[in-house]
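Structural characterization, general
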Amino acid sequence: QLQLVESGGGSVQAGGSLRLSCAASRSIFSIYDMGWYRQAPGKQRELVAKIASGGTIYADSVKGRFTISRDNAKNTVDLQMNSLKPEDTAVYYCNVYYPVGVNVWGKGTLVTVSS
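Residues numbered from 1 in each chain as written. Predicted model: local features only at pLDDT ≥ 70, side-chain atom pairs only at ≥ 80, totals over all residues. Heavy atoms only, no water.

1. Describing the nonpolar core
Stated precisely, the cut-off is as follows: Here the nonpolar core consists of buried residues drawn from Ala, Val, Leu, Ile, Met, Phe, Trp, Tyr and Cys, with membership extended through side-chain atoms lying within 4.5 Å. The buried label goes to any residue with under 20% of its type's maximum accessible area, the exposed label to any with over 50%, and the partly exposed label to all in between, with areas taken from a 1.4 Å probe on protein chains only. Helix and strand labels come from DSSP, where a helix needs a run of H or I of at least four residues and a strand needs a run of E of at least two; each type is numbered from the N terminus.
The biggest cluster of nonpolar side chains holds 31 residues, and the ones touching the most others in it are Trp36, Leu79, Met81 and Tyr92. For this core, the elements supplying multiple residues, two or more each, are strand E3 (18–24), strand E4 (33–39), strand E5 (46–52), strand E7 (66–71), strand E8 (76–81), strand E9 (90–98) and strand E11 (109–114). Considering each element in turn, this core owes the most residues, 5 residues, to E9.

2. Considering unusual backbone geometry
The phi dihedral of Asn75 is positive, around 60°, even though this residue is not glycine. Relative to the assigned elements, Asn75 resides in the loop between E7 and E8.

3. Section: the pairing of strand E6 (residues 55–58)
In plain terms, the rule: In this description, strands pair whenever DSSP reports at least two bridges between them.
Judged from the 4 bridges that link them, E5 and E6 form a sheet pairing that is antiparallel. Bridged to Ala52 within E6 is Gly55. Counted between consecutive antiparallel strands, the loop separating E5 from E6 contains 2 residues.

4. A word on the pattern of salt bridges
Where we set the bar: Take a side-chain nitrogen of Lys or Arg and a carboxyl oxygen of Asp or Glu: if they are within 4 Å of each other, that pair is a salt bridge.
If you walk through the whole model with that rule in mind, you get 6 salt bridges. Of the charged contacts in the structure, one is a salt bridge between Arg19 and Asp78, with a shortest N-O distance of 3.3 Å. With Arg19 in strand E3 and Asp78 in strand E8, the pair connects residues that are 59 residues apart, well separated along the chain. Using a relative accessible area of 15% as the deciding quantity, one classes Asp78 as buried. With its nearest N and O atoms 3.7 Å apart, the salt bridge here joins Lys50 to Asp33. In this pair, Lys50 sits in strand E5 while Asp33 sits in strand E4, placing the two residues 17 residues apart along the sequence. Here Lys50 and Asp33 have matching classes, each one buried. Through salt bridges with shared partners, a single ionic network connects Arg38, Glu46, Arg65 and Asp88.

5. Examining the state of the cysteines
As used in these notes, a disulfide is a covalent bond between sulfur atoms, one from each of two cysteines. Operational definition: Cysteine sulfur atoms that pair up within 2.5 Å are treated as a disulfide.
Inspection of every chain in the model, using the stated rule, returns 1 disulfide. The disulfide bridge from Cys22 ends at Cys94, spanning 2.0 Å between sulfur atoms. Note on the Cys22 and Cys94 pair: the S-S dihedral is about -80°, so by sign convention the disulfide is left-handed. Pair noted here: Cys22 is in strand E3 and Cys94 is in strand E9, with a separation of 72 residues, a long-range link. Assessed through its relative accessible area of 1%, Cys22 is described here as buried.

Below, the structure written as structure tokens:
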């Protein structure tokens, strides 16, 4: 069974940067979506960015600040987060989506941005 392990969360001041990494326990076909979602307290989980078969997709709120990258050889997907804002505070989850309709999630990593 596929497992996803996130790392790189932490606390940072507004304007700072963090890099999140997600390692998969086995190979992921390049055509399968890999990405990052986040959930802030009292809010629904939302897409941050993903690498899909057709390219990359970003939430409007992070465009120009966050960059997603994927290394299929290492089975990893990273999220470089720059110019962080307090509203970016959330638990960030790594995700793999299988076309049969199955989502696999990591346990999440907390990002806290203080003003």
